[in-house]
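Spelled out from the first residue to the last, the chains are:
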Amino acid sequence: ACKMSVLLALITSSVAFRASAPRCSRPRVARPPACFEAIAKTSQPHGPPSETDSAALATASPAPALQPREVVATMLHALHRSNRGTGGYEAALRFISPTHQYRADFERSGKYSASFARYLRQPHKASLLGWDEYRWDGDTTLIQGEAYQQTSVRASADATWTSVRWLLTSKEVEGSGASQWMVEAVFVDEPDDAELAAVEPLAPLEEPERRQIFAQLDTDESGAISPESFVGVVASLGFPREQAEALAAATDTDGDGAITFGEFSALLSKVNQQASAAGSFARLVTDGVRATADAAQSPHDVVTKVLRALRDEPPYPLYGAEVAIRYCSPTNPAAQLTPATFATYLDEPHYAILTQWDEVEEEEE
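Residues numbered from 1 in each chain as written. Predicted model: local features only at pLDDT ≥ 70, side-chain atom pairs only at ≥ 80, totals over all residues. Heavy atoms only, no water.

(A) View of the overall build of the chain. In terms of regular secondary structure, the chain is built from 18 helices and 7 strands. Burial analysis of the chain (365 residues in total) assigns 42% to the buried set. The contacts of the chain with a sequence gap of at least 6 include a subset with a gap of at least 24, amounting to 57%. Working note: accessible area of the chain is about 19700 Å², and carbon and sulfur atoms make up 53% of it. (Helix = DSSP H or I, 4+ residues; strand = E, 2+ residues; numbered from the N terminus. Buried < 20%, exposed > 50% of the residue type's maximum accessible area, 1.4 Å probe, protein only. Contact = heavy atoms within 4.5 Å. Areas by Shrake-Rupley, 256 points an atom, 1.4 Å probe, with all protein chains shown as cover.)

Following this line, the structure appears as structure tokens:
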């Protein structure tokens, strides 16, 4: 049994706040090609690369003066079909980070552009090659040596926009002390929050887990939680006191001034009502319980759980991808993916074994 003080863990856990992205500073070094710099500053949709844009690809390379948007603009021009076979792929490869998940595959092939072309033929990458317009969606977000830029592309003026998110990392230029932006990952056509909410429900806690949480709140062992005690706990989790009081009143469905296990259990079952205070509280508690349980597992348990989640019949869509992401290290780029995007990588041939295996043999260590 997990000895967990879930609510204490929730109360004392660190909270990340999202702030406005800082503006990029520009080092006083050689300037990038003027065409890419101008494009990076324009908010209107951009058309296919001009002859000048395409000619600039011949000398385009990572440099400390290039800002993230300029790198993305260069990549989009390099990948455009008009530059296929004329040095576009070679230019794009110069901007691929040394730590990109496919970099080693490109280098092992001995023919960078041919290997890169095969990589780009994956179905979910098609929109990167077939675009005729692209636009910037929001400002660049900078977080500790990483840059995130959202863009959208479409094949024609009347076609549907496809979302493309770029992750860039700052890499040190050997021997110079300066750093330059390079492409670490590209995520194509990720669903928005509304779509994710529709297909990614969170499984409610089992009854034994609910009873364990209830027992922690039933401090006098009376078999019920007082509204005052419940309000204090909810408010300590960041809810406004007025909202906490309203939630306590709504949870005490029979209005007898005490919250029974049945009433508390019904509240926790609302874990997927994300637009309500009840749903937010239930999700906080559920995530806290599972995070505590996860921390107690051995490496063997974690590997087994992820493999089974990816292979077995899922209880709901994208369950396997959701479990795999939950166990990713924070330093693993996959930890930043949505389950829908993670699932697209599982369709690639070299990952197929993770979802198609029949037997697993473990080494002794």
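(B) Just the packing of aromatic side chains, in detail. The tally for this structure, following the rule as stated, stands at 5 aromatic pairs. Aromatic pair Trp131 and Tyr134: ring centres 5.2 Å apart, planes at 90 degrees, arrangement edge-to-face. Judged by relative accessible area, which is 0%, Tyr134 ranks as buried. A ring pair is formed by Phe214 and Phe261, whose centres lie 5.7 Å apart and whose planes are at 80 degrees; its orientation type is edge-to-face. One end of the pair, Phe214, is in helix α10 (residues 207-217); the other, Phe261, is in helix α13 (residues 261-268), with 47 residues separating them in the sequence. On the accessibility criterion, Phe261 (13% relative accessible area) is buried. One aromatic cluster is present, formed by Trp131, Tyr134 and Trp136 through successive ring pairs. Across from the ring centre of Trp161, 4.2 Å away, lies the NZ or CZ of Arg135, which sits over that ring. Taking NZ or CZ as reference, Arg211 lies 3.9 Å from the ring centre of Phe261, over its face. (Phe/Tyr/Trp six-rings, centres within 6.5 Å; stacked < 30°, edge-to-face > 60°. Lys NZ or Arg CZ within 6 Å of the ring centre and 35° of its normal.)

(C) Structural detail: the pattern of salt bridges. This model, assessed by the stated rule, comprises 7 salt bridges. A salt bridge links Asp358 to Arg311; the shortest N-O distance between them is 3.1 Å. One end of the pair, Asp358, is in the segment after α18 (353-356); the other, Arg311, is in helix α15 (residues 299-311), with 47 residues separating them in the sequence. In this structure Asp358 comes out as exposed when scored by relative accessible area, which is 64%. (Salt bridge = Lys/Arg side-chain N within 4 Å of Asp/Glu carboxyl O.)

(D) Spatial organisation of helix α4 (residues 68-79). Helix length check: α4 (12 residues) gives 17 Å between terminal C-alpha atoms against 16 Å at 1.5 Å per residue, within 8%. Most of α4 is tucked away, with 12 of its 12 residues classed as buried. Residues Pro68, Arg69, Glu70, Val71, Val72, Ala73, Thr74, Met75, Leu76, His77, Ala78 and Leu79 constitute the buried set of α4. (Expected span 1.5 Å × (residues − 1).)

(E) Here's a closer look at α10. Taken together, the buried positions of α10 are Arg210, Ile213, Phe214 and Leu217. An end-on view of α10 places all buried positions within 100 degrees of arc, on one side of the element. (Arc of directions from axis to C-beta.)

(F) Inspection of the pairing of strand β1 (residues 133-136) at higher detail. The two faces of β1 differ: Tyr134 and Trp136 on one face are buried, but Glu133 and Arg135 on the other face are not. Bridge count for β1 against strand β3 (residues 146-154) is 4 bridges, and the pairing is antiparallel. When the sheet's bridge partners are listed, Trp136 is paired in β3 with Thr151. (Pairing = 2+ DSSP bridges.)

(G) Seen up close, the packing of α10 against α13. In the contact formed by α10 and α13, the axes pass within 10 Å of each other and the chain directions differ by 120 degrees. Our classification of the angle between α10 and α13 gives oblique. Viewed along their axes, α10 and α13 form a crossing whose handedness is right-handed. Of α13, the residues touching α10 (which contributes Glu207, Arg210, Arg211, Ile213, Phe214 and Leu217) are Phe261, Phe264, Ser265 and Leu268. Partitioned by chemical class, the residues of the contact of α10 with α13 number 6 nonpolar, 1 polar and 3 charged. (Axes fitted to C-alpha atoms, helices over the stretch in contact; angles between N-to-C directions. Parallel < 35°, antiparallel > 145°, perpendicular 65-115°, else oblique. Left-handed = near helix turned anticlockwise from the far one by under 90°. Nonpolar A, V, L, I, M, F, W, Y, C, P; charged D, E, K, R; others polar.)

(H) Geometry of the pairing of strand β5 (residues 179-188). Among the 10 residues that make up β5, 9 are buried, leaving the element largely enclosed by the rest of the structure. Where strand β4 (residues 162-172) and β5 come together, 9 bridges link them in antiparallel fashion. Directly across from Val164, in β5, lies its bridge partner Val188. Here β4 folds back onto β5 in antiparallel fashion, the turn holding 6 residues, of which Gly175 has a positive phi close to 80 degrees.

(I) Spotlight on the nonpolar core. Leu76, Leu79, Phe116, Leu128, Trp166 and Leu168 are the most contacted members of the largest nonpolar core, which totals 34 residues. Here the element with the most residues in this core is α4; it accounts for 7 residues. Contacts of Leu76, omitting those with residues within four sequence positions, involve Leu128, Trp131, Tyr134, Val153 and Trp166. Grouped together as the second largest cluster of nonpolar side chains are 27 residues, Val233, Ala248, Phe264 and Val285 included. (Core = buried A, V, L, I, M, F, W, Y, C linked by side-chain atoms within 4.5 Å.)

(J) Region of the structure containing the packing of helix α11 (residues 227-236) against helix α12 (residues 241-251). Between α11 and α12, the least distance of the axes is 9 Å, while the angle of their chain directions is 135 degrees. On the basis of their axis angle, the class for α11 and α12 is oblique. At the point where α11 passes α12, the crossing takes the right-handed sense. For the pair α11 and α12, contact is made by Pro227, Phe230, Val231, Val234 and Ala235 and by Arg241, Ala244, Glu245, Leu247, Ala248 and Thr251, respectively.

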